[in-house]
Amino acid sequence: SDLVHPPCACGSLGRGGHAREPSSVRASSRRGARASRSRAPPRAASDGESSGSANVAVSLATASLVDAIPDAIPADRHPKPYEPKLVAFTGGTAFNGIIDELLELTSRVTHVIPVSDDGGSTAEIVRVLGGPAVGDLRSRCLRLSDESTDEARAVKALLAHRLHATDSAAAKAEWYRIQEGDHLLWANISEPYADIIRSFLLYFHSQVSAAKTDVKFDFVNGSVGNFFFAGARMFFRSMEAAILLYSRISRAPAESVVVPNIVLDENVRVALGAELRNGSTIRGQNEISHPTPDPKSFSKAPNASSSKKPSSLGGDLVKKSKTVAKAREFINQGKDVKKAGKAKAASSTFWMEAIERGAIPDVSAHEFWGGLEESSAGHQRVRDALKQGDIRSAGELINSRLYDLTTRPLSVWDIDKVVSGYEGLESPIKRVFYLSTEDPTSLAPVYPKANPAMLRGVATCDGVVYGMGSLYTSIVPSLILEGVGEALAQKRGPKVLILNGAQDRETGGMSASAYVAAVVDALNRAYEPNQTRRLSHKCSDYVTVVIAPVGGGMPLDIESLHAMGVETVREVDAKKNKSGTGAEYDVPALIQALRECFPPPSV
């Protein structure tokens, strides 16, 4: 279409050197655009509809971007005397917990995020539309978003919203209400913003409807923000342009830049692989970090050797999930209690142990997993229902995520990740590498290019932070890229590694020095089969400071760290987690430690 010009559309976002009209002209154009939109608002796309009308809607909405967005971006809402310019290598979840406080230190951060996630609801978008995973990028952009006005909070709520967690029909119906502008989420969002957001949602819908796949796109548990992000990426044919638009829509600080760690051709995908020290290989980020049944190879069929009808949990793949099996047993027990008409103050040892080790989150089931907001007895949290012996209510809340897994197995990933904790790997991880998705059986490595924006950030920053998160699936995927180790070794300045508060499946029983050694090996590409790709820089070239929580779950061998070349080890106040196996950072204390690592330059 002649209307689709990605470079011009990106330029209209108001970056670098683009002149703007006088305010009177802008006001006039806004009034004209508003009148035009009121006569012909974007309409909801139907399944199978041509993307032509969606192209037009997006083009018209994008044309108003200069007027609608820059005037609404607030000035720095966290003024500070000195803001260090940082590059943070992080994942999409753990580091999000300190973003608000980090903004009090500095908003000048390049957030490097991996895009190899193959689990959760993001996987459905990747399955149908291809391209990199957008979920972690969206999550960080949203975390950075403004909340200073009613409209800003409304935009954030819309983009953070998830559709029905278990019912495909209900999720699709809600999605259509959002497209049509009839959903309550649009309240308090002004017309210019609403038109822009809806136009990209319509474009996303046109693309998933037109996609040639054996199984249609399932909206269940879908993130509206992910849909918007994917629509923008496909329209602009540029991840960077999509991030810029999303950041403007969510009103993130202008100097907080979210960067995907790799650059891929349009709709090209890569997977993550892990070589273990025993020689075996694991394929896929989800399998490395939180192994679960494969949603797309899930089958309703019973075992061939069984004459029984398919159970409500489906085939063998789901039966391998300990969490699902326990949940079903738990729910059935609750039903039996109700049928007997007895009040039974009892609970499964499995679930009580899960509470004690902190594996069941201290939030409502709806907030963390979606599904029911409360049980029929009024319980909002699984842990509260269990503590009161109301296993029926706990079963209802859990079942709202596990309902009919034979058709909606995506929720298996969420429940297993949250409740199961982790089971150790058969052998420690030796290295991670990238794989092509073209041949799902191939273990031949591929070498995606490091994002130049990430490398430019390293070259111009005041310091580097390796954030807390999953070591091998969140941090290391950015470090193994060619050019990253070279750039970091050349860079002078503080390079701070924040240790996790507890162990996980990927780190097992690692000590702090082993953790740092894994980061150094990744940057040096020490186990790369092609020896010409290896580096040999010292630990001190990559890590100068290690921050650890007091009482953390990872042994802090300070003498070994100093022997490796780490200059400073800082212990930060923390509180023991509920399981007693680790600690949670006192976030203000952690930010203060970072502030001391990046002092103002001496005059």
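Details of the structure are given in the entry above.
Parameters at a glance
- Position numbers for residues count from 1 along each chain, tracking the sequence in the order it is written.
- Given that this is a predicted model, residues contribute local features only at a pLDDT of at least 70 and side-chain atom pairs are listed and counted only at 80 or more, while totals for whole chains, interfaces and linings are drawn from all residues.
- Excluded from the side-chain calculation are hydrogens and water; included are all heavy atoms of the structure.
- Within this scheme, the nonpolar core is defined by two criteria: the residues are buried Ala, Val, Leu, Ile, Met, Phe, Trp, Tyr or Cys, and they are joined through side-chain atoms within 4.5 Å.
- The classification of residues rests on relative accessible area computed with a 1.4 Å probe and restricted to protein chains. Under 20% of the type maximum is buried, over 50% is exposed, and intermediate values are partly exposed.
- Only heavy atoms enter the contact rule, under which two residues are in contact if any of them lie within 4.5 Å.
- Any two strands with at least two DSSP-identified bridges between them are counted as paired.
- A helix here means a DSSP run of H or I that spans at least four residues, while a strand means a run of E at least two residues long, and both kinds are numbered starting from the N terminus.
- Convention adopted: a line fitted to C-alpha atoms gives each axis, helices being fitted over their contacting stretch, and angles between N-to-C directions are expressed from 0 to 180 degrees.
- Looking down the strands as they point away from you, a crossover is right-handed if its path from the first strand over the helix to the second goes clockwise.

Colleague: Would you explain the nonpolar core in this entry?
Modeller: Soluble globular proteins tend to pack their nonpolar side chains together in the buried interior. If you look at the biggest cluster of nonpolar residues, it comprises 127 residues, and the most contacted ones within it are Phe89, Phe204, Tyr466, Val543, Ile547 and Leu594. Setting aside residues no more than four positions away along its own chain, Leu594 makes contact with Leu102, Leu105, Val465, Val496, Ile498 and Ile547. The next biggest cluster of nonpolar side chains, apart from the first, holds 7 residues, and it includes Val382, Leu386, Ala394 and Leu397.

Colleague: Please explain the sheet that holds strand E7 (residues 429-436) as it appears in this structure.
Modeller: Pairing between sheet strands relies on hydrogen bonds along the backbone, with the strands arranged either parallel or antiparallel. Sheet architecture is open: 4 strands sit in the order E6-E5-E7-E8, paired in antiparallel fashion. Either end of the sheet is taken by a strand with one partner, and the two such strands are strand E6 (281-283) and strand E8 (445-446). As paired strands, strand E5 (residues 270-276) and E7 are joined by 7 bridges and run antiparallel to one another. Of the residues in E7, the one forming a bridge with Leu272 is Tyr434. The sheet strands contacting helix H22 (residues 471-479) are E5 and E7, and the helix crosses E7 at an angle near 70°.

Colleague: Any chance you could explain the pairing of E7 here in plain terms?
Modeller: A regular strand places its side chains on the two faces of the sheet in alternate fashion. A large share of E7 lies buried, amounting to 6 of its 8 residues. In the sheet, E7 pairs with E8 via 2 bridges, with the strands oriented antiparallel. The residue of E8 that forms the bridge with Leu435 is Pro445.

Colleague: Got a minute to help me understand the pairing of strand E1 (residues 86-89) in this structure?
Modeller: Here E1 shows no split at all, with Leu86 and Ala88 on one side and Val87 and Phe89 on the other all buried. Across 4 bridges, the pairing between E1 and strand E2 (residues 109-113) is parallel. Within E2, the position partnered with Phe89 by the bridge is Val112. Between E1 and its parallel partner E2, the chain crosses via helix H5 (residues 99-105), and the hand of that crossover is right-handed.

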